[in-house]
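Each chain, letter by letter, is given below.
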Amino acid sequence: MLGALAAATSRVSIGPLVSCTNFHNPALLAKQAATVDEIADGRFVFGLGAGWNETEFQAFGLPFDHRIDRFEEAFTIIRTLLQEGEIDFDGRFYQARDCELLPRPRPGGPPLLIGSNGPRMLRIAVPHVQAWNSWYADTKNSPAGVAPLRDVVDAACRDTGRDPAAIARTVAVLVRMPGGQGRTMGSTTTSQQVVPLDGPPEVIAAGLRSYADAGIDEVQVILDPIDRPSVERFAAVLPILARG
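Residues numbered from 1 in each chain as written. Predicted model: local features only at pLDDT ≥ 70, side-chain atom pairs only at ≥ 80, totals over all residues. Heavy atoms only, no water.

Draft legend 1. Quick peek at the overall build of the protein. Helix and strand content of the protein: 10 helices and eight strands. The C-alpha radius of gyration of the protein comes to 19 Å, within 12% of the 18 Å expected for a compact globule of 244 residues. Counting only C-alpha atoms, the protein reaches 55 × 40 × 40 Å along its principal axes. Looking at the protein as a whole, 41% of its 244 residues qualify as buried. Put simply, 67% of the contacts in the protein that link residues at least 6 apart link residues at least 24 apart. Just so you have it, the protein exposes about 12500 Å², and 53% of that area is on carbon and sulfur atoms. The positive charge centre, built from 23 side chains, and the negative charge centre, built from 28, are 4 Å apart in the protein. (Helix = DSSP H or I, 4+ residues; strand = E, 2+ residues; numbered from the N terminus. Rg over C-alpha atoms; globule rule 2.2 N^0.38 Å. Buried < 20%, exposed > 50% of the residue type's maximum accessible area, 1.4 Å probe, protein only. Contact = heavy atoms within 4.5 Å. Areas by Shrake-Rupley, 256 points an atom, 1.4 Å probe, with all protein chains shown as cover. Lys, Arg positive; Asp, Glu negative; His and termini not counted. Charge placed at Lys NZ, Arg CZ, Asp CG, Glu CD.)

Set out below in structure tokens:
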């Protein structure tokens, strides 16, 4: 799907939010990412995470144990192949022996984005990624919920010697359009705490703009419902945002 979108568009950034490393062979995932990035001519942003929904792991027949240990090995293989083009890795969970990507990825590879608020995950990833993302449930879908998570990212940067200013901050924002019935994710308690952003285009634009004041560089809009009429209605928000 990402390859099709990359071929059919010319300006928008595309990428998974986020791809679960534990669902894939990491070297093959790196090859797929390099190929999509080539088709997209550098517009690909590669979001990565360890996964969280045990039901999905069970459905695919994949192990749910040691998720962060597995992520650390997979992330090492993926980012090394994309950034350097080759690796010789023999880990506890994954192997990539004398592995090389040919043709080579574009210099430096696609930008990497880490989708996690976990301190250990962040310490693994922040030395190597260009961006961080948090889901709307984690911010309570509000700019007021951003600061504690930004502090976690800053702490991971300080722990690993990375300049916090080098990590772009992004969050998903739930926007309810006419016909939205509410989206659920995780526990019922978490779902009840999330209040969607809604209202006329001017109100939605102001709500999205307020995330910039909270130190967020980019938002990913999650529409409810996710359908063509919602996308067409949301289009009225864009010119308002463009006016600044």
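Draft legend 2. Here's a closer look at the nonpolar core. Counting 57 residues, the largest nonpolar core has Phe 46, Leu 82 and Trp 132 as the members making the most contacts within it. When residues in this core are grouped by element, the largest group, seven residues, is from helix H4 (residues 67–84). Each residue touching Leu 82, except ones within four places of it in the same chain, is listed here: Ala 30, Ala 33, Ala 34, Phe 46, Leu 101, Pro 105, Arg 106, Gly 108, Gly 109, Pro 110 and Leu 112. Counting residues in each nonpolar core, the second largest holds seven residues, with Ala 137, Ala 172, Leu 174 and Ile 222 among its members. (Core = buried A, V, L, I, M, F, W, Y, C linked by side-chain atoms within 4.5 Å.)

Draft legend 3. Summary view of helix H8 (residues 201–213). Between its first and last C-alpha, H8 extends 19 Å over 13 residues, near the 18 Å set by a 1.5 Å rise per residue. Buried residues of H8: Ile 204, Ala 205, Gly 207, Leu 208 and Tyr 211, and no others. The arc enclosing the buried residues of H8, seen along the axis, measures out at 160°, which places them on a common side. The exposed set on the far side of H8, more than 90 degrees from its buried face, consists of Glu 202 and Asp 213. Tucked into the core, H8 has its buried residues touching helix H6 (146–160), strand E7 (168–176), strand E8 (218–224), helix H9 (228–234) and helix H10 (237–242). (Expected span 1.5 Å × (residues − 1). Arc of directions from axis to C-beta.)

Draft legend 4. Looking closely at the pattern of salt bridges. A full pass over the atoms with the stated rule returns 13 salt bridges. The partner of Arg 176 in a salt bridge is Asp 198, with the nearest N and O atoms 2.8 Å apart. Of the two residues, Arg 176 sits in strand E7 while Asp 198 sits in the loop between helix H7 (188–193) and H8, which places them 22 residues apart along the sequence. With relative accessibility at 32%, the residue Arg 176 sits in the partly exposed group. (Salt bridge = Lys/Arg side-chain N within 4 Å of Asp/Glu carboxyl O.)

Draft legend 5. Focus on the sheet that holds E7. The six strands lie next to each other as E1-E2-E5-E6-E7-E8, forming an open sheet whose pairing is parallel. Edge positions in the open sheet fall to strand E1 (19–20) and E8, since each of these has one partner strand only. In this sheet, E8 lies alongside E7 in parallel orientation, the contact comprising seven bridges. Residue Arg 176 lies in a different strand from E8, and its bridge partner there is Asp 224. (Pairing = 2+ DSSP bridges.)

Draft legend 6. Fine view of H6. In this model, H6 (15 residues) spans 22 Å end to end at C-alpha, consistent with the 21 Å of a helix rising 1.5 Å per residue. Residues Val 146, Leu 149, Val 153, Asp 154, Ala 156 and Cys 157 constitute the buried set of H6. Along H6, the residues classed as buried sweep out an arc of 160° about the axis, all on the same side. Residues of H6 that are exposed and point over 90 degrees away from its buried face: Arg 158 and Asp 159. The elements touched by buried residues of H6 are helix H5 (119–125), strand E6 (131–134), E7 and H8.

Draft legend 7. Seen up close, the environment of Leu 223. For Leu 223, the location among the structural elements is in strand E8. Each C-alpha atom of the pair Leu 223 and Thr 35 lies 29 Å from the other, and the pair is 188 residues apart in sequence.

Draft legend 8. Expanded view of the packing of aromatic side chains. Scanning all chains against the criterion turns up six aromatic pairs. Geometrically, the ring pair formed by Phe 23 and Phe 60 is edge-to-face, given 5.3 Å between the ring centres and 75° between the ring planes. You can see Phe 23 sitting in the loop between E1 and helix H2 (26–39) and its partner Phe 60 sitting in helix H3 (residues 54–60), a full 37 residues away along the chain. Given the relative accessible area of 56%, Phe 60 is considered exposed. Each residue in the set Phe 23, Phe 57, Phe 60 and Phe 64 is aromatic and connected to the rest through ring pairs, giving one cluster. (Phe/Tyr/Trp six-rings, centres within 6.5 Å; stacked < 30°, edge-to-face > 60°.)

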